[in-house]
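# Secondary and tertiary structure notes
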Amino acid sequence: MLSKIGIRPVIDGRQFGIRESLEVQTMNMAKAAAELISSKVRHASGEPMECVIADTTIGGIAESAACADKFATENIVATLTVTPCWCYVTQVIDENPNTIKAVWGFNGTERPGAVFLAAANSAYAQIGMPCFSIYGHDVKDADDTVIPSDVEEKILRFARCAAAVGDMKNKSCVNIGSQAMGIAGAYCNEEFFRDYLGIHPEWVDMTEIIRREKLGIYDEAEYKKALAWIKEKCPEGVDINPTPGMTYMRPVLSAKEKEENWEFIAKMTCIIRDILKGNPRLAEMGWLEESKGRNAVLGGFQGQRMWTDFMPNADFTEAILNTTFDWNGAREPIPFATENDTLNGASMLLLHLLTNRAQLFADVRTFWSPEAVERVTGRRLTGRAAGGIIHLINSGSCTLDATGQQSDAAGNPAMKPFWEISDKEAEACLQATTWYPAGREYMRGGGFSSHFLTRGEMPMTMCRLNLVKGLGPVLQIAEGWAVNVDNEIFEIINKRTDRTWPTTWFAPRLTGHGAFRDVYSVMNNWGANHGAISFGHVGADLVTLAAMLRIPVAMHNLDADRLFRPSAWGAFGSDPEGSDYRACATYGPIYK
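Let us look at the structure shown here.

### Concerning the environment of L510
- As for its placement among the helices and strands, L510 is situated in the loop between strand 20 (503-508) and helix 17 (519-525).
- Residue class for L510 comes out partly exposed when judged on its relative accessible area of 38%.
- Along the primary structure L510 and N557 are separated by 47 residues, whereas in three dimensions their C-alpha atoms are 7.1 Å apart.

Below, the structure is given as structure tokens:
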């Protein structure tokens, strides 16, 4: 059952005039909020966010308890309490410790909805339950049924973030393999996943892929369909092997060996998808246990080096799992981490659940200053790139959506939810991607790496979860743009790095101070070698989601008026970032 939001219309319980005069207005507020959420918020799987409204208005403790009983069977992840009036605060508020809470108090003069809102915030602070406060900027008439734009924005942000919390709870993070190349983020921290995200970590040895391939534990028909699609849709690039200085005993694979690589990769992609999500076809074949999958919402593959030193790499598998389409058509992407960097995978998951879009996994590879670009290429950066760029690139496993070949209604480059992507746009993403034989100095077992250049001028948000001993998880956020640069600049820099890998040029939005003083400072303050990058400027949603999960934000470039955190955060100091740290430490992980 998908998570839902409970709507709680609370009311002044005094009979003989007061309650009766408010019944219609109060219930209409609840219905309006429910309609707003259900019409504009979707789960990442595509279904609308369902709202459950209490059977009656809530004027006292008995009706509050009846509402709680109803919600107990509905998988309610969060509640929105709405009212236009004064209510008996501790008798009507949601005190369930397992729900995320918000209160919308109508800004009107006829009845004191704002007074109830302030009293509810005070009560929640005293009993230790964070609550998001929603209060319109302008006074409205009692008979005005239109939700103000500022109230709508906060309700929808609350709902999107609550949906993300609910949709990852009690799911699994499936680590295929273990830790890669000494990358600390690839050590799956069980305590973090359980306490902060409500996610169960699972480990599957990479040999399980070999076992299933050897024993035929995959859908043969789908494998053949996938392989035919690969041959038709995934053009192979020129083999760059051997690269200068390579001394490996087998620097180049034969054409037959490359064909065998593709055959194995097609099987591996089907097998890993089955491990994550299950496949009823396997039960029909007699493999009941394998058919069930691992209840995954997130996965990762170690690859380097124990696998890639002798087997084809998983770049294609990772890229396609992270993409909004495959040989079966459009479908929800599965956040899947290269090098099993679980912290970057979790960052991708947060963005995916908030935006319903595919996410870009990349090395935060290089800061190119304008001076360095001009020295190396003889050309100058212009436009949004003029202050310098960050080269986002990794070993070929990036989502194909990041080609930027999809378009919004105005024709601008975009990355869209899978249900909005046309066959033509999917085809354009494929045509913009070339699959080069993997460089064998890194990938001794062969395989293929995707290569494309992201179409620029897309708004993007980069984020990263990091773990700090003695502190716990922290989140970094950088809003900016994927930018275009002169093609000659790209060609020269691309050959200096790895011309078989995908490139995105990222220019963060600068504030002139701190970590966003300049582009160099953003790169210098980034907390890890990887980043998760989403289409759109969604940093404000990330801040709200992080507050729900009690994860402080260590770095961001958002204006203060875009921050929406529980009202109690204001009691922890006058500096928003310091108060965020203190509040998260005080309340602790959401599931602990």
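### Describing helix 2 (residues 61-71)
- Of the positions making up helix 2, those classed as buried are S64, C67 and F71. Buried residues along helix 2 cover an arc of 60° about the axis, so they all sit on one side. Turned more than 90 degrees away from the buried face of helix 2 sit A62 and D69, all of them exposed.
- The elements touched by buried residues of helix 2 are strand 1 (4-9), strand 2 (51-53), strand 3 (76-83) and helix 3 (89-92).

### Here we look at the pattern of salt bridges
- Enumeration according to the criterion identifies 40 salt bridges in this entry.
- Two residues, D341 and R464, come together in a salt bridge whose shortest N-O distance is 2.8 Å. Of this pair, D341 sits in the loop between strand 11 (336-338) and helix 13 (342-355) while R464 is found in strand 18 (residues 458-468), placing the two residues 123 residues apart along the sequence.
- What makes R464 buried here is its relative accessible area of 2%.
- Each of E153, R157, R160 and D541 takes part in one network of salt bridges that share partners.

### A closer look at unusual backbone geometry
- That bond from N241 to P242 is cis: its omega, -5°, falls within 30 degrees of zero.
- One can find P242 in the loop between helix 8 (220-233) and helix 9 (255-277).
- With an omega dihedral of -5°, the bond running from Q304 to R305 counts as a cis peptide bond.
- Among the structural elements, R305 can be located in the loop between strand 8 (296-301) and helix 12 (315-321).
- In this structure, N170 is a non-glycine residue whose phi angle is positive, near 65°.
- Here N170 lies in the loop between helix 5 (149-168) and strand 6 (172-176).
- For N340, which is not a glycine, the phi torsion comes out positive at approximately 50°.
- When its relative accessible area of 1% is taken as the criterion, N340 is described as buried.

### Some words on the side chain of T544
- Here T544 lies in helix 18 (residues 539-549).
- A relative accessible area of 0% places T544 in the buried class.
- Setting aside its immediate chain neighbours within four residues, T544 contacts F132, R157, C161 and F564.

### Comments concerning the pairing of strand 21 (residues 530-535)
- Of all six residues that make up strand 21, six are buried, and the element is covered over most of its length.
- Burial of strand 21 is two-sided: the residues H530, A532 and S534 facing one way and the residues G531, I533 and F535 facing the other way are all buried.
- The pairing of strand 12 (residues 360-368) with strand 21 spans four bridges and is antiparallel. Bridging from a neighbouring strand, L360 pairs with I533 of strand 21.
- In terms of strand pairing, strand 18 meets strand 21 through four bridges, oriented antiparallel. The residue of strand 21 that forms the bridge with M460 is F535.

### Regarding the sheet that holds strand 3
- The strand order across the open sheet built from five strands is 2-1-3-4-5, with neighbouring strands paired in parallel fashion. Of all strands in the sheet, those bounded by a partner on one side alone are strand 2 and strand 5 (131-134). On average, adjacent strands in this sheet sit at an angle of 20° to one another, irrespective of strand direction.
- Of the strand pairs in this sheet, strand 4 (residues 100-105) and strand 5 are connected by four bridges, and their pairing is parallel. Looking at the pairing, A102 lines up with F132 of strand 5.
- Running at roughly 165° to strand 1, helix 2 makes contact with strand 1, strand 2 and strand 3 of the sheet.

Calculation criteria
- Residues numbered from 1 in each chain as written.
- Predicted model: local features only at pLDDT ≥ 70, side-chain atom pairs only at ≥ 80, totals over all residues.
- Heavy atoms only, no water.
- Helix = DSSP H or I, 4+ residues; strand = E, 2+ residues; numbered from the N terminus.
- Buried < 20%, exposed > 50% of the residue type's maximum accessible area, 1.4 Å probe, protein only.
- Arc of directions from axis to C-beta.
- Contact = heavy atoms within 4.5 Å.
- Salt bridge = Lys/Arg side-chain N within 4 Å of Asp/Glu carboxyl O.
- Pairing = 2+ DSSP bridges.
- Axes fitted to C-alpha atoms, helices over the stretch in contact; angles between N-to-C directions.

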